[in-house]
Amino acid sequence: MLDELVKGNRSYRRFHPETALTLETLKGLVNLARLSASAANLQPLKYFLSAEPQSNAAIFSCLAWAGYLKDWPGPAEGERPAAYIVILGDTGISKNFGCDHGIAAQSILLGARAQGLGGCMLGSIQRDRLRELLQIPEQLDILLVIALGRPKETVVLEEVGPGGDIKYWRGPDGIHHVPKRRLEDIILT
Ligand SMILES: Cc1cc2nc3c(=O)[nH]c(=O)nc-3n(C[C@H](O)[C@H](O)[C@H](O)COP(=O)(O)O)c2cc1C
């Protein structure tokens, strides 16, 4: 079951707009992050939740999507995320967030996937602009944005070919392909 959940937990960037997410759903996902591992158990992460058109649009305007898809500017109106979780690091608790936000993001996305939802972590963020638009206090570092919704695209995994190219691509049928390195190529024996 976990195997299927992890395999199905792809980065989804196009969504069904008619599926709204409630703040309760987002809080449930943050609760999974809250229960996850944290270096020295400092738990320095905070979360900004957005499930409203106005704040969603503000967040969307600060993001860069799928850098390898040069001809695709990101999800069009009508296929954009229904909600976002912005992961913040409280510098009053720690100056170094290590991999806490990666672990939190994975818990959130696995939890979303288990409910038939999906999303994408985004680290390519216009941080100054986002801070201003959402009025995020200076004490909180903007670490990651997670876009969420009900996926409207098919994403399939491929094996990295002999040329070693790891760039994902989208076929004419709209299917998004993600090459993964082979197990034997990443384990040192
Ligand atoms: C830390 C991190 C930052 C990322 N930032 C972005 C981003 O800014 N924009 C984007 O479209 N995807 C982003 N991604 C998603 C990756 O492109 C994606 O994980 C990769 O293509 C592999 O696809 P998969 O998640 O389906 O395995 C990010 C992923 C991670 C882990």
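Quick caveat: nothing in here was measured; it's all calculated off a predicted structure.

Chemist: Hey, could you go over unusual backbone geometry for me, with residue numbers and the actual values?
Modeler: At Gln43, a position not held by glycine, the phi torsion is positive, near 50°. Here Gln135, not a glycine, exhibits a phi torsion of approximately 55°, which is positive. Summarising the element assignment, Gln135 is placed in the loop between helix 5 (127–134) and strand 5 (140–151). On the accessibility criterion, Gln135 (68% relative accessible area) is exposed.

Chemist: Provide a residue-level description of the packing of helix 2 (residues 23–34) against helix 4 (residues 100–114), including the pertinent values.
Modeler: Relative orientation and spacing of two packed helices are given, respectively, by the angle between their axes and the distance between those axes. Two elements in contact, helix 2 and helix 4, have axes separated by 8 Å at closest approach and are oriented at 135°. By the angle class used here, helix 2 and helix 4 are oblique. The element helix 2 and its partner helix 4 pack so that their crossing is right-handed. Note on element contacts: helix 4 touches helix 2 through Ala104, Ser107, Ile108, Gly111 and Ala112, opposite Leu29, Leu32 and Ala33.

Chemist: Please set out the site of the ligand residue by residue, giving values where relevant.
Modeler: As a structural note, the neighbourhood of the ligand is formed by 14 residues, with Arg10, Ser11, Arg13, Ala66 and Lys180 the closest of them. Taking Ala64, its main chain carries an N or O atom lying 3.0 Å from a nitrogen atom of the ligand. In the environment of the ligand, a nitrogen atom lies 3.0 Å from a nitrogen or oxygen atom belonging to the backbone of Met121. Compared with its free state, where it exposes 620 Å², the ligand has 69% of that area covered by protein. Where the shell around the ligand is concerned, the elements lending two or more residues are strand 4 (118–122) and strand 8 (176–180).

Chemist: I'd like a description of a nonpolar patch on the surface, backed by residues and values.
Modeler: Together, Leu183, Ile186 and Ile187 make up an exposed nonpolar region whose accessible area comes to about 310 Å². Tracing the backbone through its elements, the reader meets Leu183 in helix 6 (residues 183–186).

Chemist: Give me the nonpolar core: which residues, what numbers.
Modeler: Ile59, Leu63, Trp65, Tyr84, Val86, Leu130 and Val145 are the most contacted members of the largest nonpolar core, which totals 27 residues. Counting only elements with at least two residues in this core, the list comes to helix 3 (53–60), strand 3 (83–90), strand 4, helix 5 and strand 5. With four residues, strand 5 is the largest single contributor of residues to this core. Setting aside chain neighbours within four positions, we find Val145 in contact with Ile59, Leu63, Tyr84, Ile85, Val86, Cys120, Met121, Leu122, Ile125 and Leu130. Listed in part, the 22 residues of the second largest apolar core include Leu109, Leu117, Leu143 and Leu144.

Chemist: Kindly report on the pairing of strand 4, identifying the contributing residues and their values.
Modeler: With four of its five residues buried, strand 4 lies for the most part within the structure. Bridging between strand 4 and strand 5 involves five bridges; their strand directions are antiparallel. Bridge pairing links Met121 to Ile146 in strand 5.

Here is what the cut-offs are and how they apply
Residues numbered from 1 in each chain as written. Predicted model: local features only at pLDDT ≥ 70, side-chain atom pairs only at ≥ 80, totals over all residues. Heavy atoms only, no water. Helix = DSSP H or I, 4+ residues; strand = E, 2+ residues; numbered from the N terminus. Buried < 20%, exposed > 50% of the residue type's maximum accessible area, 1.4 Å probe, protein only. Axes fitted to C-alpha atoms, helices over the stretch in contact; angles between N-to-C directions. Parallel < 35°, antiparallel > 145°, perpendicular 65-115°, else oblique. Left-handed = near helix turned anticlockwise from the far one by under 90°. Contact = heavy atoms within 4.5 Å. Near = heavy atom within 4 Å. Polar contact = N/O pair within 3.5 Å; in protein donor to acceptor, adjacent residues only side chain to side chain. Areas by Shrake-Rupley, 256 points an atom, 1.4 Å probe, with all protein chains shown as cover. Patch = residues over 30% accessible without salt bridge, like charges linked within 9 Å, V, L, I, M, F, W, Y side chains within 5 Å. Salt bridge = Lys/Arg side-chain N within 4 Å of Asp/Glu carboxyl O. Core = buried A, V, L, I, M, F, W, Y, C linked by side-chain atoms within 4.5 Å. Pairing = 2+ DSSP bridges.

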